[in-house]
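What follows is each chain in one-letter form.
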Amino acid sequence: LFKLLQLGLQITDVKDIDTSEFATLSKEEWTTIKEMAVKQGVSAIVLDGINQLPLAGYNLPTEMKLEWIGETMQIEQRNRQQVAVMEDLAEKWKINGSRVMIMKGQANGTMYPKPEHRSPGDIDCYLFNCNINPNDNLNDDKEAYRIGNDIARAVGAKVDESWYKHSVISYKGETFENHQYFVHTRDGKRGKMLNQELVEQLRVEGLEFRELPAAPAVVIPPVQWAAMFLTYHACAHFISEGLRLKQILDWAIFLDKHQNDVDWEAFWGFCERNHLLVFAEAMNTIAERWFGVKCHTESTENTEIFESPYAERIMKSALYDEDYVFNSGKSGWANRIHLVRNMFRYRWKYEEVYQTSVWKQLWWYASGYLLRTE
């Protein structure tokens, strides 16, 4: 599976790895690989890897490959549809004095060899109150958030503002999460400081916001900001409900494409301030060990690549743990109970990786919810 992902991401050339084992895989083994790829949200990337193998070098049943191709075409169509709807709503926001920055999702997809093969999810966005460039005026972002929700309603979207962190906008079959905050700011003083740091990083003079090639009304985060947010977001998922390979691949391809564009000294300082250092070191180890990325991002003065003792444990959690909380279709209270249960079942994630007590974390969750401390 990991060899195919390396090939699909074009991190490794097929000439540089031993592909002989693919010729001896049984139908059952191919089925296991495919099921894992689908479950982990990386099916189309794995097929890209298969397509780089010598035709005589693997024994994938024809009916399975045809099914795989059909599923990949559906992912391509979903991405095209999502980009079209995203551009449609972003244009309406832009005309009314706002512009949208997307995080994760389609923004990450631009780094992939075939952007349309990254499995789509919801559209996470942040609105700037400006007419031309996001760094012209970022002081009224909360007003842009409110106006953005109003505009969405005016053009027929369903808007749910019941959650403080972001609204949920349903528009033409797509779901937008319009962020008022980047992180869970009810998570004590630490969450508020982290959110403020992310906001201030967007106000640094001279930042470049690139347009999304397929949707010019949408902008992509600057590289340094993306490094910070991707790390926070992946860690937040990891400790609360777990990661999928889809999210791990986002970091691997980010490192492969942009590691020379990141101020790593500043990045490691950000991680240390926000309890993200252990997790970030593990993610870099994973990118190198399992996906063939050549990292030059050491968090120590040692010239050797840092080998995180948590990398294998995090990978096993991603592959085999199945305790996903969000998007479960259950009630809010069922999700909260599930989240608390996960805290104690996987307390090593909080105490060893996030370096905080589960009891302290539970207090922040409870007090933040009851007192509305955002």
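Before reading on, note that the structure itself is shown above.
Keep in mind that this is a model prediction, so the values were computed, not measured.

What counts as what
Residues numbered from 1 in each chain as written. Predicted model: local features only at pLDDT ≥ 70, side-chain atom pairs only at ≥ 80, totals over all residues. Heavy atoms only, no water. Core = buried A, V, L, I, M, F, W, Y, C linked by side-chain atoms within 4.5 Å. Buried < 20%, exposed > 50% of the residue type's maximum accessible area, 1.4 Å probe, protein only. Helix = DSSP H or I, 4+ residues; strand = E, 2+ residues; numbered from the N terminus. Contact = heavy atoms within 4.5 Å. Disulfide = S-S within 2.5 Å. Pairing = 2+ DSSP bridges. Patch = residues over 30% accessible without salt bridge, like charges linked within 9 Å, V, L, I, M, F, W, Y side chains within 5 Å. Areas by Shrake-Rupley, 256 points an atom, 1.4 Å probe, with all protein chains shown as cover. Salt bridge = Lys/Arg side-chain N within 4 Å of Asp/Glu carboxyl O. Axes fitted to C-alpha atoms, helices over the stretch in contact; angles between N-to-C directions. Parallel < 35°, antiparallel > 145°, perpendicular 65-115°, else oblique. Left-handed = near helix turned anticlockwise from the far one by under 90°.

(A) Focus on the nonpolar core. Judged by nonpolar contacts, the single largest core of 89 residues is most densely connected at W30, M101, F182 and F291. No other element matches the 12 residues that helix α8 (residues 223-240) contributes to this core. Those residues in contact with F182 that sit more than four places away from it in its chain are M101, M103, Y126, K165, N195, L198, V199, L202, W225, F229 and Y232.

(B) Fine view of the state of the cysteines. Under the defined criterion, the tally for this structure stands at zero disulfides. Sulfur of C271: no disulfide; nearest cysteine sulfur belongs to C235 and is 9.1 Å away.

(C) A look at the pairing of strand β7 (residues 215-220). The buried count for β7 comes to five of six residues, which makes it a mostly enclosed element. Two elements, strand β1 (residues 98-103) and β7, share two bridges in a ladder whose sense is parallel. Bridged to V100 within β7 is V218. Looking at chain direction, strand β6 (residues 210-212) and β7 are connected through three bridges and run antiparallel. Bridge pairing in β7 places R210 opposite I220.

(D) Focus on the side chain of H166. Mapped onto the elements of the fold, H166 is located in strand β4 (residues 166-171). Overall, the relative accessible area of 11% leaves H166 in the buried class. The contact partners of H166, leaving out residues within four places of it in the chain, are Y145, E177, N178, H179 and Q180.

(E) Geometry of a nonpolar patch on the surface. Together, L66, I69 and M73 make up a nonpolar patch on the protein surface, roughly 290 Å² of accessible area in all. Looking at where M73 falls in the secondary structure, it is placed in helix α4 (residues 62-95).

(F) Looking closely at the packing of α8 against helix α9 (residues 245-258). With their axes 10 Å apart at the nearest point, α8 and α9 run at an angle of 160° to one another. It follows that α8 is roughly antiparallel to α9 by the angle criterion. Regarding α8 and α9, the two cross each other, and that crossing is left-handed. Contacts between α8 and α9 involve V223, A226, A227, L230, T231, H233 and H237 from the first element and Q247, W251, F254 and H258 from the second.

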